[in-house]
Amino acid sequence: MFNSNFSTLKAAMDVALKRQEIHSQNIANAETPNYKRKYIVFEELLNESKMKLSLKTTSGKHIERTPKVVNPIIKTQKNTSLTNDGNNVDIDIEMVEMVKNALRYQTLSRLMSANIDRYNTVIRNIR
């Protein structure tokens, strides 16, 4: 019933929540010796999956296949060190990334609400 926007927006919102958790962990461990910064890779994977989604059909009446689910990957930045104890977390960068991520989540939330409002208007004639 719903288009692919709902699944894509839901996945992006889930990733944004997980990113906030990862940034919080990074900040909490900023003083932990040998702790390495973690981050999430998602947008690149999503773009790659869109490039690969070329469907072949034998008839124009075929139903579109549901889009492939893209799962985020949590990576660790191991190749750098900011302090003598081996830690590579920069609190200022993590705070900026948290704010950017919060704004991204807010935008995604508004897009999801707009999609739901459209469906309510069409299906239930609610405005």
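Residues numbered from 1 in each chain as written. Predicted model: local features only at pLDDT ≥ 70, side-chain atom pairs only at ≥ 80, totals over all residues. Heavy atoms only, no water.

Novice: Which parts of the structure should I look at to understand the overall build of the chain?
Specialist: Scanning the chain for helices and strands turns up three helices and two strands. Counted from the first residue to the last, the chain has its helices and strands arranged as α-β-α-β-α. Expressed as a percentage of the 127 residues in the chain, the buried residues total 23%. Taking the contacts inside the chain whose residues are at least 6 apart along the sequence as the reference set, 80% of them involve residues at least 24 apart. (Helix = DSSP H or I, 4+ residues; strand = E, 2+ residues; numbered from the N terminus. Buried < 20%, exposed > 50% of the residue type's maximum accessible area, 1.4 Å probe, protein only. Contact = heavy atoms within 4.5 Å.)

Novice: What should I look at first to understand the side chain of asparagine 26 in this one?
Specialist: Residue position: asparagine 26 is located in helix α1 (residues 4-28). Within the local environment of asparagine 26, its side chain forms a polar contact with the side chain of tyrosine 35, the two groups lying 2.8 Å apart. Each residue touching asparagine 26, except ones within four places of it in the same chain, is listed here: Tyr35, Arg37, Lys38, Val89 and Glu94. (Polar contact = N/O pair within 3.5 Å; in protein donor to acceptor, adjacent residues only side chain to side chain.)

Novice: Please explain helix α3 (residues 91-124) as it appears in this structure.
Specialist: Since one α-helical turn is 3.6 residues long, residues separated by three or four positions face the same way. An ideal rise of 1.5 Å per residue puts 50 Å on 34 residues; α3 measures up with 48 Å between its terminal C-alpha atoms. With a side-chain oxygen lying 3.1 Å from the backbone nitrogen of aspartate 92, the N-terminal cap of α3 falls on aspartate 90. Phi for asparagine 125, located one or two positions after α3, is positive at around 60°. (Expected span 1.5 Å × (residues − 1).)

Novice: I tried to follow the pattern of salt bridges on my own but got confused; where do I start?
Specialist: For side chains of opposite charge, pairing can occur when their charged atoms come near one another. For the coordinates displayed, the defined rule picks out four salt bridges. Between arginine 37 and glutamate 94 there is a salt bridge, with its nearest N and O atoms 2.5 Å apart. Taken together, the positions of arginine 37 in the loop between α1 and β1 (38-41) and glutamate 94 in helix α3 put the pair 57 residues apart, joining distant regions of the chain. Arginine 37 sits in the buried class, given a relative accessible area of 14%. Given a relative accessible area of 0%, glutamate 94 falls into the buried group. We note a salt bridge from lysine 100 to glutamate 97, for which the minimum N-O separation is 3.2 Å. (Salt bridge = Lys/Arg side-chain N within 4 Å of Asp/Glu carboxyl O.)

Novice: Where do I start with the side chain of arginine 19 in this structure?
Specialist: With respect to the secondary-structure elements, arginine 19 resides in helix α1. Reaching out from arginine 19, the side chain makes a polar contact with the backbone oxygen of isoleucine 40 at a distance of 3.4 Å. Leaving out residues up to four positions away in the same chain, arginine 19 has contacts with Ile40, Phe42, Glu43, Asn101 and Arg104.

Structural measurements only, silent on function.
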